[in-house]
Amino acid sequence: MNLPFEPQRQTQDYQASDAAHHIHAFVDQKALNAEGPRVMVRGEGLYLWDSEGKRYLDGMSGLWCTQLGYGRKDLTAAAAAQMDQLAYYNMFFHTTHPAVIELSELLFSLLPGHYSHVIYTNSGSEANEVLIRTVRRYWQVLGKPQKKIMIGRWNGYHGSTLAASALGGMKFMHEMGGLIPDVAHIDEPYWYAQGGELTPAEFGRRCALQLEEKILELGAQNVAGFIAEPFQGAGGMIFPPESYWPEIQRICRQYDVLLCADEVIGGFGRTGEWFAHQHFGFEPDTLSIAKGLTSGYLPMGGLVLSKRMAEALVERGGVFAHGLTYSGHPVAAAVALANLKALRDEGIVRQVKDDTGPYLHKLLHEVFGNHPLIGDIQGTGLLAALQFVEDKGTRKRFANENDLAWQCRTFGFEEGVIIRSTLGRMIMAPALVASRAELDELVDKTRIAVDRTARIAGKL
Ligand code: PXG
């Protein structure tokens, strides 16, 4: 083996110890223990190596987060310098520090001008936890404490903590450990699966109108906010029809319901815009951020507030009864600052919009436009989903679409590419620094995996 690193231990040794101590995410742990997880040991650019020395092109940016790819020395240098200078301090009891101040200056220079304040967290789940309390506090300050209900969407994903999973609409998550009061859900705008005979535009409007119906059912005087991902990520990389967001925004404004965008996946250049709501052309009141904020090098998230909300909370709100030990952590802030500087100064977001994003989608349409297994190609920028379909004419999906997608993902690993499977869709979201050659390789290896899956499905 020609490895770019010295393996420390045998793979089986790592796996046995992993099985002895870990409950992994979203998996049957007993089955995983029998199989043994892949042990990832090194990353450089878009590539990962496992403990057997096999190399993978990471088509998913880790978990949608490594915007700059792996092994960036400017990020590690920023972390080391900050650790040397001030490894930890906090924003409690009348203190602050330069790293977090400089990060926020840069963050708000990149955001549209109607946002002004941020509450930092360690993750996207926490950002959405903070969201619920902040939104409710906002309405208390405005003298409307009865406005408490949050509306989310079925199959939305907002994190794994109690309140974040309750805001999300994954029923199998609700079943494990419960819901919280004052949360309601409406349908997701997934035209390909649920649009029936309606055109995408009609379906998009119909889904948006469900929000109006739900607000009227609950009473607008009781509804605090509507939360949604601009496009659904974990739920299958689902893009809403163009008619959806303008109508949702109209309804939120009409009924004085805060529009809360979960930008944890969509933020920091993924769509070719800095934030996904800019791609879809709407103006949320809050933004939940995480992942690409630090390119995943250190945990950091946050809740961004509009000037209107911040003004009410700061000028009229009195004590804001919230705080996390690691909010605005100096080392995470220094890494986020270096990350955002690189995304800006190297023109990476612009490159996704003008060059690599259109290039990826052109390739995907050439390769999969007439593929017998693929009924739809969605996405923009460095973000794409391939929809498996049994009958293109009726958009009938396979009864075993999840198994097929999982199989395709496994074939991908065998071919040396990592793509994500969910609900009969294959997703790719490579690092934003991907070159055209790397995108060629991503699509080429994905094609082999999809062809192998098509053979199993009897489509090739
Ligand atoms: N909001 C959104 C939109 C997310 O996608 C979270 C919140 C929670 O963030 P934290 O940092 O608490 O994990 C997420 C996370 C997947 C996958 O397989 C997606 C996420 C996490 C893990 C896996 O698509 N999104």
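Reading the values: rules and limits
Residues numbered from 1 in each chain as written. Predicted model: local features only at pLDDT ≥ 70, side-chain atom pairs only at ≥ 80, totals over all residues. Heavy atoms only, no water. Near = heavy atom within 4 Å. Polar contact = N/O pair within 3.5 Å; in protein donor to acceptor, adjacent residues only side chain to side chain. Areas by Shrake-Rupley, 256 points an atom, 1.4 Å probe, with all protein chains shown as cover. Helix = DSSP H or I, 4+ residues; strand = E, 2+ residues; numbered from the N terminus. Domains from an automatic or database assignment. Salt bridge = Lys/Arg side-chain N within 4 Å of Asp/Glu carboxyl O. Buried < 20%, exposed > 50% of the residue type's maximum accessible area, 1.4 Å probe, protein only. Pairing = 2+ DSSP bridges. Axes fitted to C-alpha atoms, helices over the stretch in contact; angles between N-to-C directions. Core = buried A, V, L, I, M, F, W, Y, C linked by side-chain atoms within 4.5 Å. Buried area = accessible area lost by both parts, 1.4 Å probe. Nonpolar A, V, L, I, M, F, W, Y, C, P; charged D, E, K, R; others polar.

J.: I'd love a proper account of the site of the ligand, names of residues and values included.
T.: Around the ligand, the surrounding shell holds 16 residues, and the nearest of these are Trp64, Gly124, Ser125, Asp262 and Arg420. Gly124 places a polar main-chain atom, nitrogen or oxygen, 2.9 Å from an oxygen atom of the ligand. Lys291 places a side-chain nitrogen or oxygen 3.3 Å from a nitrogen atom of the ligand. Protein contacts shield 83% of the accessible area of the ligand, which totals 540 Å² for the unbound molecule. Elements that contribute at least two residues to the shell around the ligand include exactly helix H3 (61–64) and helix H6 (124–141). Element by element, the count of residues in the shell around the ligand is highest for H6, at three residues. Counting only domains with at least three residues in the shell around the ligand, you end up with domain 1 (38–71 + 347–456) and domain 2 (74–345).

J.: Give a description of the pattern of salt bridges that names residues and reports values.
T.: Enumeration according to the criterion identifies 23 salt bridges in this entry. Residue Arg452 pairs with Glu414 through a salt bridge whose shortest N-O separation is 2.7 Å. With a gap of 38 residues between them, Arg452 in helix H17 (residues 436–456) and Glu414 in helix H16 (residues 401–415) connect regions that are remote in the sequence. Between Lys445 and Glu441 there is a salt bridge whose closest N-O contact spans 2.8 Å. Note that Lys445 and Glu441 are positioned in helix H17 at a spacing of four residues, about one turn of the helix. Looking at Glu441, the relative accessible area reads 19%, which means it is buried. One network of salt bridges, in which partners are shared, links Arg72, Asp74 and Glu346.

J.: Tell me about the sheet that holds strand E11 (residues 374–379), and name the residues and values.
T.: Strands sit in the order E11-E12-E15-E14 across an open sheet of four strands; the sheet is antiparallel. Of all the strands in the sheet, just E11 and strand E14 (420–422) have a single pairing partner and so form its edges. Recorded for the sheet is a direction-independent mean angle of 20° between the axes of neighbouring strands. As paired strands, E11 and strand E12 (residues 384–388) are joined by five bridges and run antiparallel to one another. Along E12, the bridge assignment pairs Ile374 with Phe388.

J.: I'd love a proper account of the nonpolar core, names of residues and values included.
T.: Judged by nonpolar contacts, the single largest core of 104 residues is most densely connected at Leu107, Phe226 and Leu340. Element by element, the count of residues in this core is highest for helix H14 (residues 330–345), at 10 residues. Both domains that furnish three or more residues to this core are identified here as domain 1 (38–71 + 347–456) and domain 2 (74–345).

J.: Any details on the domain arrangement of the protein? Residues and values, ideally.
T.: Parsing the protein into structural domains produces domain 1 (38–71 + 347–456) and domain 2 (74–345). Averaged C-alpha coordinates put domain 1 and domain 2 at centres separated by 26 Å. Note on domain 1 versus domain 2: buried area summed over both sides is about 3000 Å², and carbon and sulfur give 57% of it. Contact with domain 2 buries surface across domain 1, with Trp64, Val349 and Arg395 losing the most and accounting together for 25% of the total. Between domain 1 and domain 2 we count one salt bridge in total. Applying the counting rule to domain 1 against domain 2 returns 23 residue pairs in polar contact (both at pLDDT 80 or more). Considering only residue class, the side of domain 1 that touches domain 2 consists of 18 nonpolar, 13 polar and six charged.

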